[in-house]
Amino acid sequence: MSTDGNTLLSIDNIEVIYDHVILVLKGVSLKVPEGGIVALLGANGAGKTTTLKAVSNLLRAERGEVTKGSIEFRGERIDKLSPSDLVKKGAIQVMEGRHCFEHLTVEENLLTGAYTRKDGNRAVKDSLDLVYTYFPRLKDRMRSQAGYISGGEQQMTAIGRALMANPSLILLDEPSMGLAPQLVEEIFEIVARLNREEGVSFLLAEQNTTVALRYASYGYILENGRVVMDGEASSLAENEDVKEFYLGISGAERKNYRETKHYRRRKRWLA
Amino acid sequence: MLEFAFQEPMFALEVIIGGLLSGIMYSLVALGFVLIFKASGIFNFAQGALVLFAALTFVKMLEFGVNFWLAIVITLAIMMVLALSIERVVLRPLVNQPLIILFMATIGLNFLIEGLAQGIWGAEVHSLDLGIPEEPLEGLMDAVGISITYFELASAGIAAAMVFGLSIFFNKTRVGRALRAVADDHQAAMSVGIPLQHIWALTWAAAGIVALVAGMLWGAKIGVQFSLALLALKALPVLILGGFDSVAGAIVGGLIIGALEKFSEVFIGPYVGGAIENWFPYVFATVFLLFRPQGLFGQKIIERV
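Would you mind going over the overall build of chain A with me for this structure?
Check the secondary structure of chain A and you find 11 helices and 10 strands. Counting across all 271 residues of chain A, residues that qualify as buried make up 55%. Relative to all contacts within chain A whose residues are 6 or more apart in sequence, the contacts with residues 24 or more apart total 68%. For chain A, the exposed area adds up to about 12,300 Å²; of that, 47% sits on carbon and sulfur atoms.

Encoded structure:
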């Protein structure tokens, strides 16, 4: 992707260090175009969540720090902003594991998402109705405590809550975690609709590579804190290495588990 | 003696009413704890010290010859500054730390504020007159023979007003909702753009205001002195009974503990040699804890299986 005028988020060669010693990201660069869905793929501990938190500035609360590189949102440096200021600018994170406010009702959860908005109750009410049209299930559960609804409904609540901030970019961390395949599909379908109809861009961290590549337009593969490969989602899905390591489909002959692991240890991404 | 309670229902009633009214006073202290617990999940050990600090500051202002209302305003301002400094110096660096660490920090704060209060304003006992008469309402005395003082009535009124205000604030306002959100999940609250710093500063300022009200009323009752800081201990059984995070619980808990204290002293005390008023509530609260750890009105701990 070239640097055309409509880049929404651009991360340039960032390095992230936790507790002053643990180097987690070793120079990650990526771009999210206006209106795009970009997938950030990789195994556990590859640095997906850290990348998202570096953008949303939730890192600092975990004693992490962006020590090199820059992050720009709409061409403006955002690495020194507080999470709250960033939400006001239109980028919001949906954290891994949903993190609903358990003791608040579903509707109250949604309303907390509008905390930073200054455009009046009328507009907030409209957003609430909009969220309910995308997630009709939440309307049925609006008076239930969020701690008691199902995992899928919690994920919907978390996404709906982020929508209430009226964002142009949602950093969506592992939305498929712990959900049944059918629900995963349902949630990704809604994400795609939000993208199409409301123009919300997504940066999506996922371990479920198959689904993520199906809905994303572009993908980055992260390994050990580095981007090892990137490309159009469709071409990534066709790539032999991606197929083998992340989609569990091997090109030539089927390998048994032990051989795959062994192969993987030797293999380096040189592309 | 228990039979005596049934033989003399009016006397028993008077004992219970007296207890309820002193219970309201405990509720006032407990409210401060509830505020901070609700907004941050921290049991604020320093609440008693805040009460002492507020009361001492207020009474000193009066002694300097400041007008009553102006003294309230100045004390409130000082409590705000104190709240902001606590947030900036103690709480902000501890964001996302386990709650036990925050709790330990409030223990430290407790001693710091106690020392500060006495260091700045001195340690002598001051009397405080709020201008509310300590005489019983004659009408009530004549009609049913029960004595309730104007002061008790005023404290009950103030407590009721505070509960009403706080309930509306927590349940109906944007900021109140944000406070409860922060209490549930600091990180998630940050992620949706709720500024933790503002929320915490606000909560501690609110707790400061509650502390001032409690300090003024208690100060008028027992004098402004160091023992005000120990009121925090009196609030403990109230909180256990009512639930740490419930405004209504603080009030109901206070009423029950107050009534229980007096009732047990008068009617059970003689069997066991008296003076059980001081420890009976704690025993009761401990037993209660075994059956309903979240208190009467506390939030249930949600566990998904």
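Here the narrative resumes.
Sorry if this is basic, but what is going on with a negative patch on the surface here?
Residue and element names in this part refer to chain B. Together, Glu134, Glu135, Glu138 and Asp142 make up a region of like negative charge exposed at the surface. Within the secondary structure, Glu135 is located in the loop between helix H5 (99–121) and helix H6 (138–144). What makes Glu135 partly exposed here is its relative accessible area of 48%.

Would you mind going over the layout of surface pockets with me for this structure?
One water molecule sets the probe size; rolling that probe over the atoms shows where empty space is left. Quantified by volume, the largest pocket comes out at close to 680 Å³. Lining of the largest pocket is provided by 30 residues; of these, A:Arg60, A:Ala61, B:Arg92, B:Met190 and B:Gln197 occupy positions nearest its centre. Looking at the lining of the largest pocket, the elements with two or more residues in it are strand S4 (64–73) and helix H2 (83–89) of chain A together with helix H10 (196–222) of chain B. Residue classes in the lining of the largest pocket are distributed as 11 nonpolar, 10 polar and nine charged.

Help me understand the side chain of A:Ser70, please; the structure alone is not making it clear to me.
Residues and elements named next belong to chain A. The topology assignment puts Ser70 in strand S4. For Ser70, a relative accessible area of 13% puts it in the buried group. If sequence neighbours within four positions are ignored, Ser70 has contacts with Ser10, Ile11, Asp12, Ile14, Arg77 and Asp79.

Looking at this structure, how should I read the sheet that holds S4(A)?
Strand pairs in the sheet, formed through backbone hydrogen bonds, run parallel or antiparallel to each other. All names here are of chain A. The antiparallel open sheet is built from four strands, whose spatial order is S2-S1-S4-S5. Since the sheet does not close on itself, it has two edges, and those belong to strand S2 (22–33) and strand S5 (76–77), each with one partner. Across the face of the sheet, helix H1 (residues 48–56) comes into contact with strand S1 (7–18), S2 and S4 while running at roughly 110° to S1.

Just to check I follow, could you spell out the nonpolar core for this structure?
In globular proteins that are soluble, nonpolar side chains generally tend to be buried together. One finds A:Phe135, A:Ile170 and B:Ile194 to be the most contacted residues of the largest nonpolar core, which totals 150 residues. In terms of residue count, the dominant contributor to this core is H10(B) (14 residues). Setting aside anything within four residues of it in sequence, one finds A:Phe135 in contact with A:Met156, A:Ile159, A:Gly160, A:Leu163 and A:Ile190. In terms of nonpolar packing, the next biggest core, distinct from the first, is built from 31 residues, A:Ile14, A:Val16, A:Leu30 and A:Leu86 among them.

Even after reading the chapter, I still don't get the packing of helix H4 (residues 68–91) of chain B against H5(B), so can you show me in this structure?
A pair of packed helices is captured by two measures, namely the crossing angle of their axes and the spacing between those axes. Residues and elements named next belong to chain B. Interaxial distance between H4 and H5 falls to 11 Å at its minimum, and their mutual angle equals 130°. Accordingly, the angle class assigned to the pair H4 and H5 is oblique. Viewed along their axes, H4 and H5 form a crossing whose handedness is right-handed. Counted together, Ile86, Val90 and Leu91 of H4 and Leu102, Ala105, Leu109 and Ile113 of H5 form the full contact between these two elements.

Could you clarify how one ought to interpret the sheet that holds strand S3 (residues 37–41) of chain A in this entry?
All names here are of chain A. The strand order across the open sheet formed by six strands is S6-S7-S8-S3-S9-S10, and the pairing between neighbours is mixed. The sheet is open, and its two borders are formed by strand S6 (91–94) and strand S10 (226–232), each paired with just one other strand. Strand-to-strand twist across the sheet, computed as the mean angle between neighbouring axes with direction ignored, equals 15°. Taken together, the six bridges between strand S9 (residues 218–223) and S10 define a ladder with antiparallel strand orientation. What sits directly across from Tyr218, in S10, is Glu232.

Honestly, helix H6 (residues 151–163) of chain A in this entry has me stumped. Any pointers?
Helical geometry: 3.6 residues make up each α-helical turn, so side chains three or four residues apart lie on a common side. If you check H6(A), its first and last C-alpha atoms are 18 Å apart, about what 13 residues at 1.5 Å a residue would give, namely 18 Å. Within H6(A), 13 of the 13 residues are buried, leaving the element largely enclosed by the surrounding structure.

Conventions we followed
- Residues numbered from 1 in each chain as written.
- Chains lettered and ligands numbered in written order.
- Predicted model: local features only at pLDDT ≥ 70, side-chain atom pairs only at ≥ 80, totals over all residues.
- Heavy atoms only, no water.
- Helix = DSSP H or I, 4+ residues; strand = E, 2+ residues; numbered from the N terminus.
- Buried < 20%, exposed > 50% of the residue type's maximum accessible area, 1.4 Å probe, protein only.
- Contact = heavy atoms within 4.5 Å.
- Areas by Shrake-Rupley, 256 points an atom, 1.4 Å probe, with all protein chains shown as cover.
- Patch = residues over 30% accessible without salt bridge, like charges linked within 9 Å, V, L, I, M, F, W, Y side chains within 5 Å.
- Salt bridge = Lys/Arg side-chain N within 4 Å of Asp/Glu carboxyl O.
- Lys, Arg positive; Asp, Glu negative; His and termini not counted.
- Charge placed at Lys NZ, Arg CZ, Asp CG, Glu CD.
- 1 Å grid on protein atoms, 1.4 Å probe; cavity = no way out; pocket = protein on both sides within 12 Å on 5 of 7 lines; lining within 4 Å.
- Points joined across faces, edges and corners; volume = space filled by probe spheres on them.
- Nonpolar A, V, L, I, M, F, W, Y, C, P; charged D, E, K, R; others polar.
- Pairing = 2+ DSSP bridges.
- Axes fitted to C-alpha atoms, helices over the stretch in contact; angles between N-to-C directions.
- Core = buried A, V, L, I, M, F, W, Y, C linked by side-chain atoms within 4.5 Å.
- Parallel < 35°, antiparallel > 145°, perpendicular 65-115°, else oblique.
- Left-handed = near helix turned anticlockwise from the far one by under 90°.
- Expected span 1.5 Å × (residues − 1).

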